[in-house]
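Understanding the architecture of this molecule
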Amino acid sequence: VALASDQFAKFVYEYAEEKNLLIPRDLSVFALGGDEYLYTLRPKLTSMHQDYVKIGELLSRQIIKLINDEKTEFVSFANDIIEGDSIAPV
């Protein structure tokens, strides 16, 4: 299961526990975020860290350029994958 945030991962962990599913044996979990629940979930969540402040700053500059009819540039973000124990080997 690939999730949009660590908060969703928490709910998936709770659901798995309710249904007697084991992570990662029965269900692999990967989330974008790398913040709030990263170190509290067991097994440790595998996540791609997102720097939301940096993303917001870069995108706000792009929006200002659009408003001013200036040329925008391609923006990409380097993200770190934080390896946990929530993904089964393939």
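Structure: above.
Right, let's walk through the structure included here. Remember, it's a predicted structure, so these values are computed and weren't measured experimentally.

The next subject is the overall build of the protein chain. Within the protein chain, the secondary structure is distributed over 2 helices and 4 strands. By its C-alpha atoms, the protein chain is 55 × 25 × 20 Å across when sized along the principal axes. Counting across all 90 residues of the protein chain, residues that qualify as buried make up 27%. Accessible area of the protein chain: about 6,500 Å², with a carbon and sulfur share of 58%. Distance from the positive charge centre (9 side chains) to the negative charge centre (15 side chains) of the protein chain: 2 Å.

Right, let's talk about the nonpolar core for a bit. Judged by nonpolar contacts, Ala9, Val12, Tyr13, Ala16, Ile23, Leu27, Val29, Ala31, Leu41 and Leu45 together constitute the single largest core of 10 residues. Looking at this core element by element, the count peaks at 4 residues for helix α1 (residues 6–18). Ile23 has contacts with Tyr13, Ala16, Val29, Pro43 and Ser86, leaving out every residue within four places of it along the chain.

The next point concerns the pairing of strand β3 (residues 46–49). Strand residues, when the strand is regular, have side chains that alternate between the two faces of the sheet. Sheet analysis places strand β2 (residues 30–33) next to β3, joined by 4 bridges and oriented parallel. Counterpart to Leu32 in the pairing with β3 is Met48. Inspection of the sheet shows β3 paired to strand β4 (residues 80–82) by 3 bridges, in the antiparallel sense. Paired with Ser47 across the strands is Ile82, a residue of β4.

On to helix α2 (residues 52–67), then. A turn of α-helix holds 3.6 residues, and therefore any two residues three or four places apart point the same way. Taking 1.5 Å as the rise per residue, α2 with 16 residues should run 22 Å; its terminal C-alpha atoms sit 22 Å apart, in good agreement. A positive phi of about 55 degrees marks Asp69, the residue just after α2.

In this section: unusual backbone geometry. Geometrically, the link from Ile23 to Pro24 is a cis peptide bond, its omega value of 5 degrees lying close to zero. Take Pro24: it is sitting in the loop between α1 and β2. The omega torsion of the bond from Arg42 to Pro43 falls at 0 degrees, within 30 degrees of zero and hence cis. Positionally, Pro43 belongs in the loop between β2 and β3. Residues other than glycine seldom take positive phi values, yet Asn20 does so here, at roughly 60 degrees.

All right, on to α1 then. Helix length check: α1 (13 residues) gives 19 Å between terminal C-alpha atoms against 18 Å at 1.5 Å per residue, within 8%. For α1, the complete set of buried residues consists of Asp6, Ala9, Val12, Tyr13 and Ala16. For α1, the angular spread of the buried residues around the axis is 100 degrees, confining them to a single face. Away from its buried face, by an angle of more than 90 degrees, α1 presents the exposed residues Phe11 and Glu18.

Calculation rules
- Residues numbered from 1 in each chain as written.
- Predicted model: local features only at pLDDT ≥ 70, side-chain atom pairs only at ≥ 80, totals over all residues.
- Heavy atoms only, no water.
- Helix = DSSP H or I, 4+ residues; strand = E, 2+ residues; numbered from the N terminus.
- Buried < 20%, exposed > 50% of the residue type's maximum accessible area, 1.4 Å probe, protein only.
- Areas by Shrake-Rupley, 256 points an atom, 1.4 Å probe, with all protein chains shown as cover.
- Lys, Arg positive; Asp, Glu negative; His and termini not counted.
- Charge placed at Lys NZ, Arg CZ, Asp CG, Glu CD.
- Core = buried A, V, L, I, M, F, W, Y, C linked by side-chain atoms within 4.5 Å.
- Contact = heavy atoms within 4.5 Å.
- Pairing = 2+ DSSP bridges.
- Expected span 1.5 Å × (residues − 1).
- Arc of directions from axis to C-beta.

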